[in-house]
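Per-entry structural report
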Amino acid sequence: MRIRVINPNTTQSMTETIAAAARAVASPGTEIVAATSRSGAASIEGHYDEAMSVLGLIDEINDGPPCDAHVIACFGDPGLLAAREVTAAPVIGIAEAAMHAASFVATGFSVVTTLERTRVIAEHLVHNYGMERHCRRVRATDIPVLELEDPLSNARATILEECEKAISEDKAGAIVLGCAGMADLAQFLERRLGVPVIDGVAAAVKFAEALVGMGLSTSKRGDLAFPLPKLYRGKLADYAPTDRSITPSRQRA
Ligand code: 5HY
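All figures in this text were calculated on a predicted structure; none of them were measured in a lab.

Regarding empty space enclosed by the protein
On inspection of all chains with the given rule, the structure shows 1 cavity of 30 Å³ or more. If you add up the space inside the largest cavity, you get close to 210 Å³. Lining of the largest cavity is provided by 20 residues; of these, Ile-44, Cys-74, Phe-75, Gly-76 and Gly-178 occupy positions nearest its centre. Among the residues making up the lining of the largest cavity, the classes are represented as 10 nonpolar, 9 polar and 1 charged. A domain-level breakdown of the lining of the largest cavity finds at least three residues from each of domain 1 (2-93 + 204-251) and domain 2 (95-199).

This is how it looks when you write it as structure tokens:
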């Protein structure tokens, strides 16, 4: 099978970190095709960045090679439901995947994310995904996303310290890493902390393999049916939905 792992920010080096984490867990028969959004923010650190990232994400879904599933490799799961409308292939967000994985291995987890101002985004996802009874707390390290890429930054130590607080203060039995850019830290942290540390990229790839392996595709009845054909004007005129009922989808179901 082929899984497209899409980084909705426009930083190629972060996509490489994401792709390595995806390939590290992919089954032998799974091809990981990594993609970096061609338009939008270098890093997604707030509501505006997230909103602006969705068109680049949709472009990668619509313009990419046929695949069996897609992963949105950004912890805000931007555009998740819109993405599920435009393709029949399963679309998995790394936040949703990580939270479910954590709920299978601990009765309580904490999320450790980047900037304080993005903490509320993760809190909203906890609510949207019905994870209130599993999530002890969402913690922020106030590390800018791209600083995760800087080997001279103190990011690794800061994240470890926040994870230790989550375990001692929140009584978290597991940690969810709240940024795709932390994907390469899961093993290091798990060894130091002695609890499961879940990277959403890995979780999303394995859930995607499971769904495809079960022969499941996104429901095309109701709210996740292909978008209604209609006129779009202005800068988004090219995004006008066409009538998918008569043109075969380019994506394998
Ligand atoms: C992410 N931003 O996973 C999110 C994390 C965050 O550019 N990739 C980003 O801090 O919201």
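Observations regarding helix 2 (residues 47-63)
Relative to the 24 Å expected for 17 residues at 1.5 Å per residue, helix 2 spans 25 Å between its end C-alpha atoms, a close match to the ideal helical length. At Val-54, helix 2 shows its maximal bend, which comes to roughly 30°. Residues Asp-49, Glu-50, Ser-53, Val-54, Gly-56, Leu-57, Ile-58, Asp-59, Glu-60 and Ile-61 constitute the buried set of helix 2.

Remarks on the sheet that holds strand 4 (residues 91-93)
Strand pairs in the sheet, formed through backbone hydrogen bonds, run parallel or antiparallel to each other. If you trace the 4 strands from one edge of the open sheet to the other, you get 2-1-3-4, paired in parallel fashion. Of all the strands in the sheet, the pair left with one neighbour each is strand 2 (31-36) and strand 4. Taken pair by pair, the neighbouring strands of this sheet meet at an average axis angle of 20°, ignoring direction. Judged from the 6 bridges that link them, strand 1 (residues 2-7) and strand 2 form a sheet pairing that is parallel.

Analysis parameters
- Residues numbered from 1 in each chain as written.
- Predicted model: local features only at pLDDT ≥ 70, side-chain atom pairs only at ≥ 80, totals over all residues.
- Heavy atoms only, no water.
- 1 Å grid on protein atoms, 1.4 Å probe; cavity = no way out; pocket = protein on both sides within 12 Å on 5 of 7 lines; lining within 4 Å.
- Points joined across faces, edges and corners; volume = space filled by probe spheres on them.
- Nonpolar A, V, L, I, M, F, W, Y, C, P; charged D, E, K, R; others polar.
- Domains from an automatic or database assignment.
- Helix = DSSP H or I, 4+ residues; strand = E, 2+ residues; numbered from the N terminus.
- Expected span 1.5 Å × (residues − 1).
- Bend = angle between axes of the 7 residues up to and from the residue.
- Buried < 20%, exposed > 50% of the residue type's maximum accessible area, 1.4 Å probe, protein only.
- Pairing = 2+ DSSP bridges.
- Axes fitted to C-alpha atoms, helices over the stretch in contact; angles between N-to-C directions.

So yeah, pure geometry; function would need other evidence.
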